[in-house]
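# Commentary on secondary and tertiary structure
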Amino acid sequence: MPMEYGRRCKVCNCSTRAEADRLKLAEGWSDQRIADWLGEHGVIVSRVAVRSHFLNHADVKADARREYARAQGVGAAAVEKRVSDIERLDRSIELNAKIAEEYAESTLAALKNGQKLSMAQVTAGTAAFSELRHAIQAKANLLGDTPQDDLTDLLVRALSGDDDATRATR
Ligand SMILES: [Zn+2]
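### Considerations on the confidence of the model for the protein
Looking at the protein, pLDDT values average 77 and 70% of them are 70 or higher. Taken together, the stretch residues 162–170 has pLDDT below 50 and engages in 11 contacts with residues farther than four places along the chain or on a different chain.

Put into structure tokens, the structure is as follows:
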């Protein structure tokens, strides 16, 4: 995997870059954890700078991460486990998104007909949203995308249509 180099990037220019890249790509450390770790090694760098480094100077796509780990012969088993965890979460996301969507449709239909959903429907629907949120968050964490929490929240909110759905059941 070709590695880019940023002339003015503190991470690229530090002597611990290779280890920092490995911790991100093979171990899945968060940008903040890597920034802290670099600080302990005398490289004072912000989380944003670390994120920029991995976005611009290292390829963090899942396939690349797997290939990188293989090439390094480091933590291959751990990486495989993470990939299978992500696939499991993808299935959970797909299933719960479907349930949540059906719940949203039932809610809309009930709203239109002036009816109320049954307690069982509400319980199942909210459980699906909760599972969906959990799975998306867990996947983001596994991918090392924790700085995108805001994006995850936006996605969950967009999928759940929060406000309307809850109001209709009251
Ligand atoms: Zn860099």
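That was the structure; now back to the text.
### Re the nonpolar core
Core analysis: the largest hydrophobic core is formed by eight residues, namely Leu89, Ala100, Tyr103, Ala128, Phe129, Leu132, Ala135 and Ile136. The set of elements that each furnish at least two residues to this core consists of helix H6 (76–112) and helix H7 (119–142). Top element by residues in this core is H7. It accounts for five residues. Grouped together as the second largest cluster of nonpolar side chains are seven residues, Ile34, Ala35, Leu38 and Val50 included.

### Structural notes on the packing of helix H2 (residues 17–25) against helix H3 (residues 31–40)
Contact pair H2 / H3: the axes reach a minimum separation of 10 Å and the direction vectors enclose 155 degrees. Considering their axes alone, H2 and H3 lie roughly antiparallel with respect to each other. For the pair H2 and H3, the crossing hand works out as right-handed. Residues Ala20, Leu23 and Lys24 of H2 pack against Ile34, Trp37 and Leu38 of H3. Here the residues of the contact of H2 with H3 are counted per class, giving five nonpolar, no polar and one charged.

### Concerning H7
In an α-helix, one turn spans 3.6 residues, which is why side chains three or four residues apart end up on the same side. The terminal C-alpha atoms of H7, which comprises 24 residues, lie 34 Å apart, in line with the 34 Å expected from a rise of 1.5 Å per residue. Along H7, the residues classified as buried are Gly125, Ala128, Phe129, Leu132, Arg133, Ala135 and Ile136.

### Regarding the environment of Ala58
Within the secondary structure, Ala58 sits in the loop between helix H4 (47–56) and helix H5 (62–72). Given 20 C-beta atoms within a 10 Å radius, Ala58 is considered buried.

### Here we look at the environment of Ala35
Mapped onto the secondary structure, Ala35 falls in helix H3. In this structure the C-alpha to C-alpha distance between Ala35 and Ala20, which are 15 residues apart in sequence, comes to 9.1 Å. Ala35 has contacts with Val45, Ser46, Arg47 and Val50, leaving out every residue within four places of it along the chain.

Scoring rules and cut-offs
Residues numbered from 1 in each chain as written. Predicted model: local features only at pLDDT ≥ 70, side-chain atom pairs only at ≥ 80, totals over all residues. pLDDT = per-residue confidence, 0-100. Contact = placed C-beta atoms within 7 Å. Core = buried A, V, L, I, M, F, W, Y, C linked by C-beta atoms within 7 Å. Buried ≥ 20, exposed ≤ 12 C-beta atoms within 10 Å, placed from the backbone. Helix = DSSP H or I, 4+ residues; strand = E, 2+ residues; numbered from the N terminus. Axes fitted to C-alpha atoms, helices over the stretch in contact; angles between N-to-C directions. Parallel < 35°, antiparallel > 145°, perpendicular 65-115°, else oblique. Left-handed = near helix turned anticlockwise from the far one by under 90°. Nonpolar A, V, L, I, M, F, W, Y, C, P; charged D, E, K, R; others polar. Expected span 1.5 Å × (residues − 1).

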